[in-house]
Amino acid sequence: NDEPPKTRGRSGAQERVIKNPSVLSPEAAVYSNSRLAVCITDCGTGHTVAEGIDVTVRSNDILARPSGVFAVFSHNGNRLSVSKVLGGAGEHTAEFTEKQAIHTVTHKKISVTMKTSVDADSNCELRSFIVENKSKKEISGKLTVYFEPCLEKTEDFSAHRAYSKLFLVDKRDDKNGCTVF
């Protein structure tokens, strides 16, 4: 199903495609509903805030300490990172539409795509990942998704990072084919 989920973005936002995004001068887009906002750059870094609480750790330097949700597909010694800021093989493209951000890396006949949006009705950031093999031979690989959760106000986390009292619980939702944190 290629249809994006029921989400909210910026109405009237200009859609744009960025080929080979620059980590030195990234472009950004914001997707939000009344309670949650995701700011995401074309090179794949980002930050999520829900009702004044940082969902992901915030970074002021995307080169030295990138922040956001990152996906890397590894196969046969190759490492394809959807986020250009992490490096690796491949050509990167970012697309900002009214409802979602789409990051793609393509290397030889393999492409990996990450779609990011915000649910219209709940405090929920939606991520989907697609690995596409356009070659005639079968491959196997591993998709690793990483993010650094925060769940505190920026000033509280910055003051006492080691004492953040953070515990996450995850649950596999087989009906919808996803993991919920």
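None of the values given here were measured: they were computed from a predicted structure. The residue numbering used here restarts from 1 in each chain and proceeds along that chain's sequence as written. Only residues with pLDDT of 70 or above have their local features reported here, since the model is predicted, and side-chain atom pairs are shown and tallied only from 80 upward, although totals for entire chains, interfaces and linings are computed over all residues. Each side-chain value is derived from all of the structure's non-hydrogen atoms; neither hydrogens nor water enter the calculation.

## Observations concerning the pattern of salt bridges
In step 1: Throughout this description, the term salt bridge denotes a Lys or Arg side-chain nitrogen within 4 Å of a carboxyl oxygen of Asp or Glu. As enumerated under the stated definition, the model contains four salt bridges in all.
In step 2: A salt bridge links arginine 35 to glutamate 51; the nearest nitrogen and oxygen atoms lie 3.9 Å apart. One end of the pair, arginine 35, is in the loop between strand E2 (28–32) and strand E3 (36–41); the other, glutamate 51, is in the loop between strand E4 (46–50) and strand E5 (53–56), and 16 residues separate them in sequence.
In step 3: To sort residues, take the accessible area from a 1.4 Å probe on protein chains only and compare it with the maximum for the residue type: under 20% means buried, over 50% means exposed, and anything in between is partly exposed. With relative accessibility at 55%, the residue glutamate 51 sits in the exposed group.
In step 4: Of the charged contacts, one joins arginine 172 and aspartate 174 as a salt bridge, the two residues approaching to 3.3 Å between their closest N and O atoms.
In step 5: The exposure class of arginine 172 is partly exposed, given its relative accessible area of 48%. The way it works is that DSSP assigns letters per residue, a run of H or I at least four long becomes a helix, a run of E at least two long becomes a strand, and they are numbered from the N terminus.

## Focus on the sheet that holds strand E6 (residues 69–75)
In step 1: The sheet built from three strands is open, its strands ordered E7-E6-E12 with antiparallel pairing. Edge positions in the open sheet fall to strand E7 (78–81) and strand E12 (142–147), since each of these has one partner strand only. Here the strands of the sheet are splayed against their neighbours by 20° on average, with no regard to which way each runs.
In step 2: For two strands to be treated as a pair, DSSP must find at least two bridges joining them. When E6 meets E7, the two strands line up antiparallel, connected through four bridges. Directly across from phenylalanine 73, in E7, lies its bridge partner leucine 80. For helices, the axis comes from a line fit to the C-alpha atoms of the stretch in contact; other axes are also lines fit to C-alpha atoms, and the angle between any two N-to-C directions lies between 0 and 180 degrees.

## Points about unusual backbone geometry
What you tend to see is this: most non-glycine residues have negative phi, and most peptide bonds are trans.
In step 1: Its identity as a non-glycine residue notwithstanding, asparagine 20 has a phi of 50°, on the positive side.
In step 2: Residue placement: asparagine 20 occurs in the loop between strand E1 (16–19) and E2.
In step 3: Phi is positive for glutamate 51, which is not a glycine, with a value near 50°.

Keep in mind that these numbers describe shape and distance, not what the molecule does.
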